[in-house]
Amino acid sequence: MGLPPVERASDYLSLARARLDDATWRYLMDGDGSGNEQALADVRLMPRPLSAVAGGHTRLRLFGQELAHPFVLAPVAYQRLFHADGELATAMAAAAQGGQQVISSLASMSIEAIVQAAAAGGGAAPWFQLYWQRDRPRTLRLLRRAMDAGCSAIVFTVDAPVKLATMRLPADIHAVNLEAPTHADLPAEGGSLVLDGWMGQAPTWDDLAWLRQQTTLPLLIKGVLHPDDAVRALDLGCDGVIVSNHGGRVLEGAALSLAALPHVVERVAGRAPVLFDSGVRSGRDALVALAHGASAVLLGRPYVWGLASHGALGVAHVIRLMRDELEMTMALTGCATLADIDVSRLA
Ligand code: FNR
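Everything in this summary refers to the structure shown in the same document.

Criteria and cut-off values
- Residues numbered from 1 in each chain as written.
- Predicted model: local features only at pLDDT ≥ 70, side-chain atom pairs only at ≥ 80, totals over all residues.
- Heavy atoms only, no water.
- Near = heavy atom within 4 Å.
- Polar contact = N/O pair within 3.5 Å; in protein donor to acceptor, adjacent residues only side chain to side chain.
- Areas by Shrake-Rupley, 256 points an atom, 1.4 Å probe, with all protein chains shown as cover.
- Nonpolar A, V, L, I, M, F, W, Y, C, P; charged D, E, K, R; others polar.
- Patch = residues over 30% accessible without salt bridge, like charges linked within 9 Å, V, L, I, M, F, W, Y side chains within 5 Å.
- Salt bridge = Lys/Arg side-chain N within 4 Å of Asp/Glu carboxyl O.
- Helix = DSSP H or I, 4+ residues; strand = E, 2+ residues; numbered from the N terminus.
- Buried < 20%, exposed > 50% of the residue type's maximum accessible area, 1.4 Å probe, protein only.
- Pairing = 2+ DSSP bridges.
- Right-handed = clockwise from strand over helix to strand, strands pointing away.
- Axes fitted to C-alpha atoms, helices over the stretch in contact; angles between N-to-C directions.
- Contact = heavy atoms within 4.5 Å.
- Expected span 1.5 Å × (residues − 1).

What about the site of the ligand?
Around the ligand sit 21 residues, and of these Pro 75, Ser 104, Thr 157, Asp 277 and Arg 281 come closest. A distance of 3.2 Å separates a nitrogen atom of the ligand from a polar atom in the backbone of Ala 77. Within the side chain of Tyr 131, a nitrogen or oxygen atom sits 3.2 Å from a nitrogen atom of the ligand. Against a free-state accessible area of 610 Å², the protein chains account for coverage of 99% of the ligand. Looking at the shell around the ligand, its residues break down into seven nonpolar, nine polar and five charged.

Here it is in structure tokens:
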């Protein structure tokens, strides 16, 4: 199957819609993603003609890794829902495009196989997204498995300890890397499902301090919107912050990711890279986030659209189109490299 005749990364949305059943589509598009998208779209850019941008590039160095572009594929659960090749297709595409990806704790294929697929494609070792696994021993086992598999950074997601209704998974698709739930996962009778059940098992700042001691890999915290939380994570030894509202999927009415970004960047004050996600639908959107101080952006739904419609080829094409769009926007705003992208490019 060749590439579809699309001009923009976002054109993959309608291709994916045509391929997925209603329940899977609802799961993918769940939450209020439109506020994030609108916030990015509302920012106007300042054309800067006559700049010498020939010979420019989109390369960057992040946590010691050389990346061809600033698009990191965000952790997305259960990717076999969207395509039979699932996470392997995503890994091959990220590697082929010289970028980075984050394996979800809820991946539907084994961590080891995904890492191997990235290596076979000549890519850097993927990052691993860690969800807290009820207690420290269980969390440590999952962390060690990711480290042993060769993952090169840990992304600790802290904004979604409470899982609201999600879709009923087909019998053959599940989180294959997690241990089976036990009766301890359920609240005692008469207890609150939220406060005693889910939140009784959610991590706290003490757990983050503990986690920092368990690995020497770069540790990023994902799902931070308040500047105080970003600074606290760095004070505990984290190496990076991902400003994200989880694509609007967790807390209804949460602060928009872009609104939070400049405040976090200001308080982090260059101590560590600040990454951004939620709502990036084009290379232009990525430039807006970078102009607000992000070092790189994560893509969520857009690459899954590519996955659903054309497997690895579709994911690779989405990344390539995003990069083309970013290069075009850089050229028109007078930026030869990512380092040139700053607020002076905004109107
Ligand atoms: C996610 N996201 C997510 N995040 C995470 O840390 N672990 C996970 O397992 C998942 N799973 C997941 C599934 C699906 C279907 C979606 C759409 C999202 C959140 C994801 O990493 C990212 O933060 C958002 O998707 C970014 O927003 P956009 O780009 O989708 O708007």
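Once the structure has been displayed, the description carries forward.
Quick look at a nonpolar patch on the surface
Together, Val 194, Leu 195 and Met 199 make up an exposed nonpolar region whose accessible area comes to about 260 Å². Relative to the elements of secondary structure, Met 199 occurs in the loop between helix 7 (193–198) and helix 8 (205–214). Under the relative-accessibility criterion, Met 199 is labelled partly exposed at 33%.

Looking at the pattern of salt bridges
Within the structure shown, the criterion is met by 15 salt bridges. For the salt bridge of Arg 80 with Asp 172, the shortest nitrogen-to-oxygen distance reads 3.4 Å. Of this pair, Arg 80 sits in the loop between strand 3 (71–73) and helix 4 (86–96) while Asp 172 is found in the loop between strand 6 (153–157) and helix 7, placing the two residues 92 residues apart along the sequence. Using a relative accessible area of 49% as the deciding quantity, one classes Asp 172 as partly exposed.

As for unusual backbone geometry
Residues other than glycine seldom take positive phi values, yet Leu 50 does so here, at roughly 70°. The topology assignment puts Leu 50 in the loop between helix 3 (34–41) and strand 1 (60–62). Positioned with a positive phi, Ser 278 is a non-glycine residue whose angle comes to about 100°. Ser 278 sits in the buried class, given a relative accessible area of 6%.

Digging into the pairing of strand 6
Counting buried positions along strand 6 gives five out of five residues, so the element sits mostly inside the fold. Across the two faces of strand 6 the burial is the same, with Ala 153, Val 155 and Thr 157 and Ile 154 and Phe 156 all buried. Sheet analysis places strand 5 (residues 127–130) next to strand 6, joined by four bridges and oriented parallel. Bridged to Leu 130 within strand 6 is Phe 156. You can see the chain leave strand 5, run along helix 6 (residues 136–149) and come back into strand 6, and the turn it takes is right-handed.

A word on the sheet that holds strand 7 (residues 219–224)
Pairing in this closed barrel of eight strands is parallel, and the strands run 3-4-5-6-7-8-9-10 around the ring. Neighbour to neighbour, the strand axes of the sheet diverge by 30° on average, direction disregarded. This element, helix 11 (residues 283–291), spans strand 3, strand 9 (274–277) and strand 10 (296–299) of the sheet and lies at about 135° to strand 10.

Some remarks on the packing of helix 1 (residues 12–19) against helix 2 (residues 22–29)
Close contact between helix 1 and helix 2 brings their axes to 8 Å; oriented N to C, the two are set at 145°. Residues Leu 13, Ala 16 and Arg 17 of helix 1 touch helix 2, and the partners they reach there are Asp 22, Trp 25 and Met 29. Tallied by class, the residues present in the contact of helix 1 with helix 2 amount to four nonpolar, no polar and two charged.

As for helix 6
Here helix 6 is 14 residues long and its end C-alpha atoms lie 20 Å apart, about the 20 Å a rise of 1.5 Å per residue gives. By the burial criterion, the buried members of helix 6 are Arg 138, Thr 139, Leu 140, Leu 142, Leu 143, Ala 146 and Ala 149. For helix 6, the secondary structure elements touched by its buried residues are helix 5 (111–120), strand 5, strand 6 and helix 8. Where helix 6 begins, the capping side chain belongs to Asp 135, and its oxygen is found 2.9 Å from the backbone nitrogen of Arg 138. Residue Gly 150 follows helix 6 closely and has a positive phi angle near 105°.

Overview of the pairing of strand 7
Of all the six residues making up strand 7, six are buried; the element is thus mostly covered by neighbouring parts of the structure. Pairing analysis gives four bridges linking strand 6 to strand 7, with the strands arranged parallel. Considered in strand 7, the bridge of Phe 156 is made with Ile 221. Here strand 7 pairs with strand 8 (residues 240–243) via four bridges, running parallel. Bridge assignment links Ile 221 to a residue of strand 8, and that residue is Val 241. With helix 9 (residues 227–235) bridging strand 7 and the parallel strand 8, this β-α-β connection has right-handed handedness.

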